[in-house]
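# Fold and geometry: a report
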Amino acid sequence: MYRSVFSLLLFSTRSDVEGNLPPPRWVLMHGRVICHVDLDCFYAQVEALRLGIDFRSDPYVLVQWGNLIAVNYPARRLGIGRFETIRDAVAKCPDIKHSHVPTYEVGNPDYEYHPNPNKGTHKVSLDPYRRASKKIFDIFGSFPGVLVEKGGVDEAYLDVTEAAEAFAADFVAQNGRHITQDDVAYTKVCPNRDEDLKQFLQCQDSGGVHVETFAPAPTPEYHRLLQAGCAVVMSIRDKVRSELGYDCSAGVSHNKMLSKCISALFKPNQQTLLYPEGTLGFLFDFKFSKLRMFGGKLGQSIEQGLHGTTCGDLWRYDVDAINSVVGDKETAAFVYRRVRGDDVDTLAPRSISKSLLAQKVFSPATDDIAVLRMWFVVLAQELVERLQVFGEEFNMCGRVLNIKLGGSGLGDASDIGNKSFPLPTPTTADALTSVALHYTSIVINNSTSRVLINCVSVTISDFRKMQQHEDPLSAKQQTLDKFFRKRPRSDSAPRVEKETVQSSLKPDDQDDGDDDDVLIIERPHVASPLKPVVNSTSRKRHPAPVDVEVIELD
Ligand code: DCP
Ligand code: MG
């Protein structure tokens, strides 16, 4: 076990007014070697490789609806950054190479690299990046003694402790000596900032600060283990590069939080090591809002309540003082430890998405079923393909299909309708489209006032393990014809109520979807060539679906 609680404080007395550090009381413990690895300009690398562009030397940017979503490092060196417009990028570098993300054209189930896609008629596909990501994670997972936790499409935490131990032992066996820093000279070491730290402490109030660290003891053995970890991480990065062609950067330290903080210090294509004794020197002027979990409300309330922005600013406060701001003792203790570099989190097993989501916001809003059908065809096809890949990878099949209809874009993507159904089997794009259209027709036709839809979303969820030989697209389920059962037509047909089956899922529980309307800064709407909506008086109502009723889930 790495360590239990606070009993392993290393030096916990207050610094004196002169800012002299009290002599550390290092406690011996078995430190881990944790790496955070993140692909450099990920989507740009994927596309540059496809296009045969040398992303290491030629400025290249990837565009989504006129904005840059990935910028390679040669372009960054020219002052070009993410979310700028392609127009601005070309102004800075007229020769810059660029391309657009792939898109589905409305009505067409296959995505392509369309030369001039239009937001009104096309939907972004993230499929190439998901596929590339999977190959990269397969390589991470292929190393013995390495635990992998997915952090995002292009980032992972790796616990390389076991592999590092084996490497260190092998090194001695082969070289007749221990590994040293020189043997991993390709690794950048976080600079020693003891002098800066000392000066910082000297500037503090006479009350002093609680100088305390939770890092493992910086013994020669542990230093060697970290160095061996760097060698392991290098070989993982080498394999990603030689087998797939991608560059990535990494941070190596004794915990997840610090490894993530340092992994981008020397991008691109580099790795950085933080020794445990460098923790406080690294953190004292580090903005706590950049620490994992401090980005949102927690960070904001601390910043306002305690009037500080850096980790060092918070060293003045004990747990009670932090508690007076965050209002919860456990959270206060958590904050107290984190701003001193403590993170005992172990790697979580690879998380499995609880749902697969495909959605599209379009304009103009419409109640034209023909137009909505074209979007559902795209979303359904995309989702079926992803379900196949996901189902095979995790041996899971879905059970619930959810359709959302929104009239306020992503602001409220389900304000017009939100309903769940048993997932039809076989799960074909046609079957999903049929369910979505039946439901949409009912919503439109049963509404007492006109509804205009500009956001449709289709989600598959409630995954379960598949039986042997089951296929994710045809696992035993409700068949499509059972979705709709006969009911007498009635003028007083009940209006379909909104449901919130999915709303209990936290955002983290959902997959990353093809949120082409989420990740990128929205530009003002470009006129869509889609048929304009006729006004409400001349609007032709689509015939109500005959002899169908939506069967709700239990
Ligand atoms: N991405 C996106 N929209 C965002 C953030 C990211 O579409 N707001 C996509 C494009 C990125 C990929 O996710 O290529 C990975 O995100 P990163 O933040 O890791 O950024 P990069 O990999 O592009 O660059 P870096 O080298 O800084 O990691
Ligand atoms: Mg990245």
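This write-up is about the structure you can find in this document. (Residues numbered from 1 in each chain as written. Chains lettered and ligands numbered in written order. Predicted model: local features only at pLDDT ≥ 70, side-chain atom pairs only at ≥ 80, totals over all residues. Heavy atoms only, no water.)

## Focus on the overall build of the protein chain
Heads up, the rule is: Helix and strand assignments follow DSSP, with helices taken as H or I runs no shorter than four residues and strands as E runs no shorter than two, numbered in order from the N terminus. For each residue, the accessible area found with a 1.4 Å probe, counting protein chains only, is set against the maximum for its type, and the residue is called buried under 20%, exposed over 50%, and partly exposed in between. We call two residues contacting when some pair of their heavy atoms lies within 4.5 Å.
Looking only at helices and strands, the protein chain features 14 helices and 18 strands. Out of the 554 residues in the protein chain, the part that is buried amounts to 53%. Of the contacts formed within the protein chain by residues at least 6 apart in sequence, a portion of 72% connects residues at least 24 apart.

## Here we look at the site of ligand 1
What counts, and what does not: The rule for a residue being near a molecule or strand is that one of its heavy atoms must lie within 4 Å of it. Any N or O atom pair separated by 3.5 Å or less is treated as a polar contact, with the protein-specific requirement of one donor-capable and one acceptor-capable atom, and with residues adjacent in sequence counted only for side-chain atom pairs. The Shrake-Rupley method, run with a 1.4 Å probe, gives the accessible areas here. Residue values count only the displayed protein chains as cover.
As a structural note, the neighbourhood of ligand 1 is formed by 15 residues, with Asp 38, Cys 41, Phe 42, Tyr 73 and Arg 82 the closest of them. At 3.2 Å from an oxygen atom of ligand 1 is found a main-chain nitrogen or oxygen belonging to Leu 39. Cys 41 has a polar backbone atom sitting 2.8 Å from an oxygen atom of ligand 1. Relative to its free-state accessible area of 560 Å², ligand 1 is covered by the protein chains to the extent of 79%. Listing elements by their share of the shell around ligand 1, those giving two or more residues are β1 (34–39), α1 (42–51), β3 (67–71) and α2 (73–76).

## Examining the nonpolar core
To be explicit about the condition: Side-chain atoms within 4.5 Å link the members of a nonpolar core, which is a set of buried Ala, Val, Leu, Ile, Met, Phe, Trp, Tyr and Cys residues.
Counting residues in each nonpolar core, the largest one holds 55 residues, and the members touching the most others are Phe 140, Val 146 and Leu 158. At ten residues, helix α7 (residues 220–244) tops the list of elements feeding residues into this core. Not counting chain neighbours up to four residues away, the residues in contact with Phe 140 comprise Val 37, Val 146, Val 148, Ala 156, Leu 158, Ile 236 and Val 240. Core analysis: the second largest hydrophobic core is formed by 38 residues, Phe 376, Leu 379, Met 396 and Ile 453 among them.

## Looking at the coordination of the magnesium ion (ligand 2)
What counts here: Each metal site is built from N, O and S donor atoms within 2.8 Å (3.2 Å for Na, K and Ca), and since water is not included, such sites may look incomplete. Key to geometry: four donors with every angle between 85 and 135 degrees are tetrahedral; four donors are square planar and six octahedral where opposite donors lie over 155 degrees apart and all remaining angles lie between 65 and 115; all other sites are irregular.
In the first shell of the magnesium ion (ligand 2), the protein supplies Asp 38 (OD), Leu 39 (O) and Asp 154 (OD), at 2.1 to 2.2 Å from the metal. Its six donor atoms give the magnesium ion (ligand 2) angles of 76 to 179° at the centre, a pattern that matches the octahedral case. Positions of the donor residues of the magnesium ion (ligand 2) along the chain correspond to the pattern D-L-x114-D. A residue pair is termed long-range when its members are at least 10 positions apart, and Asp 38 in strand β1 and Asp 154 in the loop between β8 (147–152) and β9 (155–159) qualify at 116 residues. Under the relative-accessibility criterion, Asp 38 is labelled buried at 14%.

## A look at the sheet that holds strand β16 (residues 417–422)
Counted only if it meets this: The rule for pairing is simple: two strands pair if DSSP sees at least two bridges between them. Angles run from 0 to 180 degrees between N-to-C directions of axes, and those axes are lines fitted to C-alpha atoms, restricted for helices to the stretch in contact.
Pairing within the open sheet is antiparallel, and its four strands lie in the order β13-β17-β15-β16. The sheet is open, and its two borders are formed by β13 (355–366) and β16, each paired with just one other strand. With direction set aside, neighbouring strand axes in the sheet form an average angle of 15°. Of the pairings in the sheet, the one linking strand β15 (residues 400–406) to β16 comprises six bridges and is antiparallel in character. Bridge pairing in β16 links Asn 402 to Ser 420. Set on the sheet, helix α13 (residues 369–394) makes contact with β13, β15 and β17 (453–461); between it and β13 the angle comes to about 165°. Across the sheet, helix α14 (residues 429–446) lies against β15, β16 and β17, angled at about 45° from β15, the strand it touches most.

## Some points on the sheet that holds strand β11 (residues 248–253)
Judged by pairing direction, the sheet is mixed, and its six strands sit side by side in the order β8-β9-β1-β11-β12-β10 without closing on themselves. Every interior strand has two partners, whereas the edge strands, β8 and β10 (187–189), have only one. The sheet shows a mean angle of 20° between the axes of neighbouring strands, direction not considered. By the bridge criterion, five bridges tie β1 to β9 in an arrangement that is antiparallel. Looking at the pairing, Ile 34 lines up with Asp 159 of β9. Packing against the sheet, helix α8 (residues 256–263) makes contact with β1, β8, β9, β11 and β12 (271–273), and its axis sits at approximately 140° to β11.

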